[in-house]
Amino acid sequence: MRTPTLFALSLALLSAVDLPGQERGRRGRRPGGPPTEAPAAAPAAEPAKNDKPKSYTAIVGGDVYLGTGQRLTGATVLIADDKIETVGHNLKLPEGTVVIDAKGKCVSPGFVAVAGGGMGADRNGPYADTVNPFAPDIKQGLAAGVTSFLAGSTNGRGTPGGSNAVVKLAYGDLDGMVLRENPVVGISMPMSTDERDKLYEQIDAAKKYLQEVADYPAAKAKDEKAKAPQAPRGGEKLVEVLEGKASLWVNLGGGSFGFFRRRGGSGGESDVDAIRQGLDLAKKLGRGVVLVKPTSAWVIPDEIAATGSKAILSPRTRVEADPKAPDHTGSNLASAAILARSGVPVAVTCPVGMFGGAGVGTNGILGQDLNTPNVDVAYAVRGGLDNRKALRTITLDAAEMLGVADRVGSIEPGKDADILILDGDPLHYATFVTTAIVNGKVVYEKGDDALYRHIDRHTDR
Amino acid sequence: MSAFVVTATLTAAVTAALAVSAVGQDTPAAAPAAQQPAAQEPVRFEMWHPNTPKSEADYKVAKWGPRHLPSPGYAFFAQKVLPITSAPILDGVVVTRNGTIEAIGKRGEVTVPAGYERIECGDSILFPGIIELHCHIASPSFDLNDTVHPTNPEFRTLDLISMEHDQIKMARAGGVSTALYIPGSGSNMGGFGTLTKTYGKNPDEALVRFPGSLKIAQAGNPERGSGDLGTDMMGMAEGIRMTLLDGKRYWQEMLAFEQGTGPKPQYDPTLELISGLFRHEYPVSVHTQIYQVVLETLQELRQELGLWTVIVHGTFDGYRLSEDLLKAGVPVAGGPRAYHFDRGTGAMEGVLANYANGGLHGWRSPVLGLGRDGVGVNTDSPVIAEEQLTLQAAMGVRLGWPHEWALRGLTINAARFVGIDHRVGSLEVGKDADLGIWSGDPVDPRSHVELMVINGTICYRRNPDRPEW
């Protein structure tokens, strides 16, 4: 609860010592404004701060997956500095454009991992001060296609909480790494009635505060001495959620113990009640929540859609059904497909396991961790999700759930130039990233990196 | 058993002559040009187990499960049939009855007997039932480790099979029809494993062969902190050797008795099972992974003791020995860890690819690979869920294992490694009617099993609204 206060304090201290010429100091530099500030408009629209001409790069001739579910065959993506300038056919390229030939290849938005670890962000926040842009496993993440991920925790028991950041794999570029601090506020369900009553009181207090803030200018015009409203103690995170500055994640923990359940198949698991508690919360807030690993979401897809809520799934994590009520208990491989059909956006993440989990690394089991995010999507496709739309689950829809879809997740003008060139269908198990671009810079080339350059592809694309 | 006293007088190492591989009989299945591997094998892998009896009736120790159990007559029609040991058949049909494949061929060229149910599978792929070589598939605990002694050849999985176990049910949904169900690697010898089908009215009907293998773990898990076997690999190797030598002596006494040159040895159920290893009725399946451990497996079990040796759970950098294994006729089932991060080069090496392809792998480079016929894949379920066996193959292919070799690794290679290829591992007339009807390439995680047939019985039908897998 005290973290935000401390955080604000440290921010104040930081700005106090932020002298000119000290921009490279370890703690003296903070790109962007405070984390609670509304996202800045796309810099592409801003006038250039200096006279330096834009540097252009074009990825030409690839099959471009936009991340929105659409695909342009043999198209060109034009990048200006760190942003996507335009995408389409027969583009006129500015003079001096660096051309990357992608004929016969696929082009995709960089994958957005809704959970991750390491990759330059293994310390706690504030992340702008602790990220390491030269961590070797950043290259491994890029080889997996990940260009941004959620680092840190989304834990909140009773009270919404967590300390996290969306971190970009901008290898070698400290300033380019932290996209947004604390974009996600988490809470765990199910909760007791006491916990819920307390939470709802906090929400009421936060709403009251926001009303006071809205009324304050008028009150001040009437009375010079009118006191500025005070944010409710401990309710700061809820204020951010209500303002739309943070995304509220309801952690249901479905499948956390899937690995152990596999031992004997205990069965009988249903979290419909907990999901409904989360949907109640969404109604109370007046905005959708993100259901994290709901097991039984497939039972009530329309209820979820009605609240504008979303879901993060690990499609292949199994929870046994109750033999006495198999029709509405247990997991369902078709969850992603069922939810998508009802209009619920879905993001996909890795299973939690003894040897895998949401990270890259050199000691895990390939196919069970973040080294192959496309394999998790493949299992959503196996369960019936449309192959053409499925890429959204690790691009645009994932970015939405992290509250950073204004910056990443699709190949659209004005967005960050975080782009992959792949040697085949992004969702094919044998597809490799051949080039990864983050913030307009080439940060990974399969052919130049020891990790996978020795591997030749022998399958269809 | 008191075989663990480390003695100074070791039996002189019996270095068996290396089996120089002969040219194999069957022709490779035609593969699309795009799937042809860059490196062609110069030598065909030929497994070494010269004493194996010619037919099931000649086995003295092993017990074979029943065949030709009653099942209805079916004719499965599909756009593509992959028999594995012969060329793919477009617009093909497989006819089955009483647990057996009766006919296979092109639609129209195969006569379907009257009364057989015709099942149209559309644009599906008919693929043989997949074979799992290292798993704890019906374990009541996690890994099934009873580490009562440093070596536990007295133990067996035969009595611990449940057709309704979660992993066995999911195996069917994942296209897996046969499993070598072995104890874990918590001790140097976990016990005797069982080859079982993943469907049957009861475990007796599902049985393929007991013992399937003896599970040995040379290192990389069975280490004992107490130090009673030393703290390194040599002490453990000695414990394994002494146990096996007990069984060898028993086998030699039994052979003498059978030839009328000696008295009948006193029956010992454990030594009896170990003697089956020396008769080459079944292999030792060895959990062995790192270069030095694989070297120890090769030298101790295959060359010194002359056992039919199969490496399972093959991971880390054991692939540096692929040429030695090729010459010795020792195959490898790799997994569950598909890659080895080579700290010397910073490369993510594909374990299955390197075992199969050989190449420049360190100080003994270049080495020949085990090729098309010497490599299979396993899950170590429940470490990796049984239904994800095909994903294990997919990850092998991702890292360079040729796709066509992976299809064989999942089926006929695995069947040969454990000596059940006369029953399973391919779609051939006379073999068990074990087949999966797949929506697409079985290696691709996006494909699924529509229908699973084991011993001629349809035992799994996918519900699209609630797909099990």
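Residues numbered from 1 in each chain as written. Chains lettered and ligands numbered in written order. Predicted model: local features only at pLDDT ≥ 70, side-chain atom pairs only at ≥ 80, totals over all residues.

A. Molecular detail of the overall build of chain A. Counting its secondary structure elements, chain A contains eleven helices and 17 strands. Classification of the 461 residues of chain A by burial places 52% in the buried group. For chain A, the proportion of contacts with a sequence separation of at least 24, taken over those separated by at least 6, is 68%. (Helix = DSSP H or I, 4+ residues; strand = E, 2+ residues; numbered from the N terminus. Buried ≥ 20, exposed ≤ 12 C-beta atoms within 10 Å, placed from the backbone. Contact = placed C-beta atoms within 7 Å.)

B. Representation of the overall build of chain B in the model. What chain B contains, in helices and strands, is ten helices and 21 strands. Since a compact globule built from 469 residues should have a radius of gyration of about 23 Å, the 22 Å found for chain B is in line with a globular shape. The dimensions of chain B, computed from C-alpha atoms along their principal axes, are 70 × 55 × 40 Å. (Rg over C-alpha atoms; globule rule 2.2 N^0.38 Å.)

C. The sheet that holds strand 6 (residues 111–113) of chain A, seen in detail. Residue and element names in this part refer to chain A. Taken together, the four strands give an open sheet; going across it, the order is 6-7-8-9, and neighbouring strands pair in mixed fashion. In the strand order of this sheet, the two ends are held by strand 6 and strand 9 (178–181), each with one partner. For this sheet, the mean inter-axis angle between neighbouring strands, taken without regard to orientation, is 15°. With five bridges joining them, strand 7 (residues 146–152) and strand 8 (residues 164–168) adopt antiparallel strand pairing. (Pairing = 2+ DSSP bridges. Axes fitted to C-alpha atoms, helices over the stretch in contact; angles between N-to-C directions.)

D. Quick look at the environment of Arg157 of chain A. Assignment of secondary structure puts Arg157 of chain A in the loop between strand 7 and strand 8. Along the primary structure Arg157 of chain A and Met189 of chain A are separated by 32 residues, whereas in three dimensions their C-alpha atoms are 8.2 Å apart.

E. Layout of the interface of chain A and chain B. Between chain A and chain B, the contact holds 34 residues from the first and 38 residues from the second. Elements with a contribution of two residues or more to the side of chain A that touches chain B: helix 6 (258–264) and helix 10 (373–382) of chain A. Residue contributions to the side of chain A that touches chain B peak at five residues, all from helix 10 of chain A. Taken together, the residues of the side of chain A that touches chain B break down into 16 nonpolar, twelve polar and six charged. (Nonpolar A, V, L, I, M, F, W, Y, C, P; charged D, E, K, R; others polar.)

F. Structural view of helix 10 of chain A. The element helix 10 of chain A is largely enclosed, with a buried count of ten among its ten residues. Restricting attention to buried positions, one finds in helix 10 of chain A the residues Pro373, Asn374, Val375, Asp376, Val377, Ala378, Tyr379, Ala380, Val381 and Arg382 of chain A. The secondary structure elements touched by the buried residues of helix 10 of chain A are strand 6, strand 7, helix 9 (335–341) and strand 14 (346–348) of chain A together with helix 8 (389–398) of chain B.

G. Local environment of the pairing of strand 2 (residues 74–81) of chain B. All names here are of chain B. When you tally the buried positions in strand 2, you get six out of eight residues, the bulk of the element. Looking at chain direction, strand 2 and strand 3 (residues 89–97) are connected through seven bridges and run antiparallel. Residue pairing across strands places Val81 opposite Ile89, the latter belonging to strand 3. Summarising the sheet, strand 2 and strand 5 (residues 117–120) pair through four bridges and their orientation is parallel.

H. Just unusual backbone geometry, in detail. With omega at -5°, the peptide bond leading from Phe210 of chain B into Pro211 of chain B counts as cis. Mapping Pro211 of chain B onto the fold places it in strand 10 (residues 207–217). Residue Ser381 of chain B is joined to Pro382 of chain B through a cis peptide bond whose omega torsion reads 10°. Mapped onto the fold, Pro382 of chain B is located in the loop between strand 18 (375–377) and helix 8. Positive phi values are uncommon outside glycine, yet Asp81 of chain A reaches one of about 55°. A count of 18 C-beta atoms within 10 Å places Asp81 of chain A in the partly exposed class. At Asn90 of chain A, a position not held by glycine, the phi torsion is positive, near 50°. Structurally, the position occupied by Asn90 of chain A is in the loop between strand 3 (83–88) and strand 4 (98–101). For Asn90 of chain A, a count of 6 C-beta atoms within 10 Å translates into the label exposed.

I. Focus on the sheet that holds strand 12 (residues 290–292) of chain A. Residues and elements named next belong to chain A. Taking strand neighbours across the sheet as the criterion, the five strands line up as 10-11-12-13-14 in an open arrangement whose pairing is parallel. Here the strands that pair on one side only, and so sit at the sheet edges, are strand 10 (184–188) and strand 14. In this sheet, adjacent strand axes meet at a mean angle of 25° when their direction is disregarded. Here three bridges tie strand 12 to strand 13 (residues 310–313), and the two strands are oriented parallel to one another. Within strand 13, the position partnered with Leu291 by the bridge is Ala311.

J. Region of interest: the nonpolar core. Ranked by size, the top nonpolar core spans 254 residues in total, and within it Val77, Val167 and Val250 of chain A together with Leu126 of chain B carry the most contacts. Among the elements that line this core, the one with the most residues is helix 3 (residues 233–258) of chain B, at seven residues. Residues in contact with Leu126 of chain B, not counting those within four places in the same chain, are Phe76, Ala78, Val81, Leu82, Gly92, Val94, Cys121, Leu427, Leu435 and Ile437 of chain B. (Core = buried A, V, L, I, M, F, W, Y, C linked by C-beta atoms within 7 Å.)

K. Structural context of the confidence of the model for chain B. All names here are of chain B. Scored by pLDDT, chain B has a mean of 90; 91% of the residues are at 70 or more. When the criterion is pLDDT under 50, residues 1–37 qualifies, and its contacts beyond four places in sequence or with other chains add up to 55 contacts. Both scores are given for the predicted complex: the pTM is 0.89, the ipTM 0.89. (pLDDT = per-residue confidence, 0-100.)

L. Examining the environment of Phe341 of chain B more closely. On the secondary structure map, Phe341 of chain B appears in strand 14 (residues 339–342). Counting along the chain gives 99 residues from Phe341 of chain B to Gly440 of chain B, while the straight-line C-alpha distance between them is 31 Å.

M. Representation of the packing of helix 8 of chain B against helix 9 (residues 403–410) of chain B in the model. All names here are of chain B. Two numbers describe how helix 8 lies on helix 9: the axes approach to 10 Å, and their chain directions differ by 150°. It follows that helix 8 is roughly antiparallel to helix 9 by the angle criterion. Considering only the axes of helix 8 and helix 9, their crossing is right-handed. Residues Thr390, Ala393, Gly396 and Val397 of helix 8 form the contact with helix 9, whose own contacting residues are His403, Ala406, Gly409 and Leu410. Across the contact of helix 8 with helix 9, the residue classes break down as four nonpolar, four polar and no charged. (Parallel < 35°, antiparallel > 145°, perpendicular 65-115°, else oblique. Left-handed = near helix turned anticlockwise from the far one by under 90°.)

N. Representation of the confidence of the model for chain A within the structure. Considering every residue of chain A, the mean pLDDT works out to 87; 85% of them sit at 70 or more. Confidence drops under a pLDDT of 50 for residues 255–266 of chain A, and excluding neighbours within four residues, the segment shows 29 contacts in the predicted structure.

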